[in-house]
Amino acid sequence: DAGVTQSPTHLIKTRGQHVTLRCSPISGHKSVSWYQQVLGQGPQFIFQYYEKEERGRGNFPDRFSARQFPNYSSELNVNALLLGDSALYLCASSLLYTEAFFGQGTRLTVV
Amino acid sequence: QQPVQSPQAVILREGEDAVINCSSSKALYSVHWYRQKHGEAPVFLMILLKGGEQKGHEKISASFNEKKQQSSLYLTASQLSYSGTYFCGTEIAGNTGKLIFGQGTTLQVKP
């Protein structure tokens with residue numbers, strides 16, 4: 001079975017630009033969560049979606065938004081990129097309130 | 001709110017044991033343990049729900065003391081493959097899907 005897949009794997013953007021990151025959960029998993037991981041730190045929770053509804057939001061500015069589609073895949077959007085947004089963005093899928101399985105992540109570099 | 005992990009780093013020889021601790025200032029609903037190798041996604045190890053249960057997975061086990069708001073991960077007879085950074089992810093309220101991760105414990109196992 002395929003695990004959680006994220007695209008793209010690497011991305012370089014310029015300050016002020018917009019970025020869209022994509023995530024396909026494990027088949028049968030209806031919950032998708034997004035995390036930001038800065039080098040040397042633990043993942044920080046951004047959003048959780050279940051059945052296309054936002055179930056949780058972390059302490060991130062409104063420049064960050066996400067959505068979940070009927071097939072349970074998800075997109076994370078970040079507007080007006082800042083240098084500090086450079087990080088590894090992780091998507092995790094789960095059945096619901098159970099163990100979460102992470103994708104390989106998207107490495108975003110803002111220059 | 002971020003749980004505190006200790007130690008921050010540990011170096012072992014193959015076959016030695018290690019304990020990684022995770023402490024929270026908040027009452028915990030569940031604790032999730034992950035291992036992350038450099039450049040890879042966090043890999044799920046185990047989940048512990050409140051109730052003081054202990055779980056095991058081959059030579060890796062964990063305990064959860066909800067009264068003390070602490071969890072410990074036990075690595076027995078460590079192998080080279082155990083090297084990586086270990087994160088505990090805590091869930092404060094039940095059924096939120098929001099994990100708050102500690103800063104990580106780097107484990108290096110040497111031959």
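Our structure is the block above this text.
Residues numbered from 1 in each chain as written. Chains lettered and ligands numbered in written order. Predicted model: local features only at pLDDT ≥ 70, side-chain atom pairs only at ≥ 80, totals over all residues. Heavy atoms only, no water.

Novice: Mind laying out the interface of chain A and chain B, listing which residues take part and the relevant values?
Specialist: Quite often, the size of an interface is put as the accessible area lost when its parts meet. In this complex, chain A contributes 20 residues to the contact, which on the side of chain B involves 17 residues. Carbon and sulfur atoms make up 60% of the surface buried where chain A meets chain B, a total of about 1,500 Å² over both sides. Taken together, chain A and chain B are joined by zero salt bridges. The tally of links between chain A and chain B comes to three residue pairs in polar contact (both at pLDDT 80 or more). Going through the elements one at a time, strand S4 (31–37), strand S5 (44–50), strand S9 (87–94) and strand S10 (101–102) of chain A are the ones with two or more residues in the side of chain A that touches chain B. (Contact = heavy atoms within 4.5 Å. Buried area = accessible area lost by both parts, 1.4 Å probe. Salt bridge = Lys/Arg side-chain N within 4 Å of Asp/Glu carboxyl O. Polar contact = N/O pair within 3.5 Å; in protein donor to acceptor, adjacent residues only side chain to side chain. Helix = DSSP H or I, 4+ residues; strand = E, 2+ residues; numbered from the N terminus.)

Novice: Just give me the short version of the sheet that holds strand S1 (residues 5–7) of chain A, but keep the residues and values in it.
Specialist: Residue and element names in this part refer to chain A. The antiparallel open sheet is built from four strands, whose spatial order is S1-S3-S8-S7. This sheet does not close on itself; its edge strands, each paired only once, are S1 and strand S7 (64–68). Mean inter-strand twist for the sheet, computed between neighbouring axes without regard to direction, equals 15°. As paired elements, S1 and strand S3 (residues 19–24) share three bridges and run antiparallel to each other. In the sheet register, Gln6 faces S3, and the bridge partner there is Cys23. (Pairing = 2+ DSSP bridges. Axes fitted to C-alpha atoms, helices over the stretch in contact; angles between N-to-C directions.)

Novice: Can you tell me about the environment of Gln36(B), naming the residues and giving the values?
Specialist: Mapped onto the elements, Gln36(B) comes out in strand S4 (residues 30–36). Accessibility expressed as a relative area gives 10% for Gln36(B), which makes it buried. Remark: the alpha-carbon pair of Gln36(B) and Gly84(B), spanning 48 residues in sequence, is separated by 5.6 Å. If we ignore the near neighbours within four places in the chain, the residues touching Gln36(B) are Gln37(A), Leu88(A), Ala41(B), Pro42(B), Gly84(B), Thr85(B) and Phe87(B). Side-chain polar atoms of Gln36(B) contact the side chain of Gln37(A), separated by 2.8 Å. (Buried < 20%, exposed > 50% of the residue type's maximum accessible area, 1.4 Å probe, protein only.)

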